[in-house]
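# Architecture at a glance
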Amino acid sequence: MKLLFLPKTARMEVAIDPSWKQELQEEFQQPYFSSLVQHLKAEKQLGKTIYPAGKNIFNAFNTTPFADVKVLLLGQDPYHGPGQAHGLCFSVQKGVPPPPSLVNIYKELHADLGVPVPATGDLTKWAQQGVFMLNASLTVRAGEPMSHAKIGWATFTDAVIRKVSEDKSNVVFILWGKFAQEKAALIDTAKHLILKSAHPSPLSAHNGFFGSKPFSKTNEYLAAHGIDPIDWKIDG
């Protein structure tokens, strides 16, 4: 991992894999990104608690280097409770009980592939195998869902999605729910596979998430294109 240095007007040190630093260097120099960083600094100075911790804001980019991306799983917003978010969408830190959406993801994983329901909610093992676990917003104020949705993150993460689409081939984009599915316009379907279904939230999982088989469909596509499939087992 390397240190990323933003423009002097908004200097903040965060860890990011060099491959992503290279791919996104133009975005990091854009005025909107400097404004975003200044916004986060201002909130911190006002005593606001921001999740995830600074070292984990770019955790997805550190755990899955650009060259290793096989799957892009898109979430919307980091968890806003203490000890949950650590920079991988849908994932929680070790020792934290899996939230309801992740419980449903595990149910579908078991139904799809027979994988035992994991005891942990930490999905780092997926990320280490090439599942790029991106939230559309990389930060959130404690207890305030979507509080950072309009400070510039969407511009940045849209650029990330476009970059993966343009510069890679045969990536599986998993888009759960209406919000994620709206990002399909950023993806070249001639080069990639998009898997869409309802969101795994308890409010919508029964409307098409259960039974959608995203895990087996992902592996079938990867294998068909000569790419090693994902071992979706978390435990063991």
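In this report, the structure presented in the accompanying data block is examined. Predicted, not measured: the structure shown is a model, and the values here were computed from it. (Residues numbered from 1 in each chain as written. Predicted model: local features only at pLDDT ≥ 70, side-chain atom pairs only at ≥ 80, totals over all residues. Heavy atoms only, no water.)

### Some points on the side chain of Asp112
Quick reminder of the rule: Helix numbering and strand numbering both begin at the N terminus, where a helix is a DSSP run of H or I of at least 4 residues and a strand a DSSP run of E of at least 2. Only protein chains enter the accessibility calculation, which uses a 1.4 Å probe; a residue is then buried when its area is under 20% of its type maximum, exposed when over 50%, and partly exposed in between. Residues counted as positive are Lys and Arg, residues counted as negative are Asp and Glu, and His and the chain ends are not counted. One side-chain nitrogen of Lys or Arg within 4 Å of one carboxyl oxygen of Asp or Glu is enough to make a salt bridge. Two N or O atoms count as a polar contact when they lie within 3.5 Å, although within protein this holds only if one can serve as hydrogen donor and the other as acceptor, and sequence-adjacent residues are included solely when both atoms are side-chain atoms.
Relative to the assigned elements, Asp112 resides in helix α5 (residues 100–113). Put simply, Asp112 is tucked away with no salt bridge, and the nearest opposite charge, on Lys213, sits 4.4 Å away. Polar contacts involving the side chain of Asp112 include one to the main-chain amide nitrogen of Phe215, which spans 3.1 Å.

### Describing the environment of Lys48
Short version of the rule: We call two residues contacting when some pair of their heavy atoms lies within 4.5 Å.
Tracing the chain through its elements places Lys48 in the loop between α3 (31–45) and β3 (50–51). Classification of Lys48 as partly exposed rests on a relative accessible area of 39%. For the pair Lys48 and Ala142, spaced 94 residues apart in sequence, the C-alpha to C-alpha distance is 7.7 Å. Ignoring anything within four residues of it in the chain, the contact list for Lys48 reads Glu43 and Arg141.

### Comments concerning unusual backbone geometry
Geometrically, the link from Tyr51 to Pro52 is a cis peptide bond, its omega value of -5° lying close to zero. Here Pro52 lies in the loop between β3 and α4 (59–63). Even without being a glycine, Phe90 presents a positive backbone phi close to 70°. Relative to the assigned elements, Phe90 resides in the loop between β4 (71–75) and α5. Residue Phe90 is classed as buried on the basis of its relative accessible area, which comes to 9%.

### A closer look at the pattern of salt bridges
Evaluated as defined, the whole model comprises seven salt bridges. A salt bridge links Glu144 to Arg141; the shortest N-O distance between them is 2.9 Å. Measuring nitrogen to oxygen at the nearest pair gives 3.0 Å for the salt bridge that ties Asp231 to Lys233. On the basis of relative accessibility, which here comes to 29%, the residue Asp231 falls in the partly exposed class. Residue Lys233 is classed as partly exposed on the basis of its relative accessible area of 38%. Connected via shared salt-bridge partners are Glu43, Arg141 and Glu144.

### Comments concerning α5
Just so we agree on the cut-off: A helix is expected to span 1.5 Å multiplied by its residue count minus one.
With 14 residues, α5 extends 20 Å between its outermost C-alpha atoms, agreeing within 8% with the 20 Å of an ideal straight helix rising 1.5 Å per residue. Those residues of α5 lying buried are Ser101, Leu102, Asn104, Ile105, Tyr106, Glu108, Leu109 and Asp112. Residues of α5 that are buried in the fold lie against α6 (124–128), β7 (172–176) and α9 (214–224). Once α5 finishes, Gly114 follows within two positions and takes phi at roughly 75°, a positive value.

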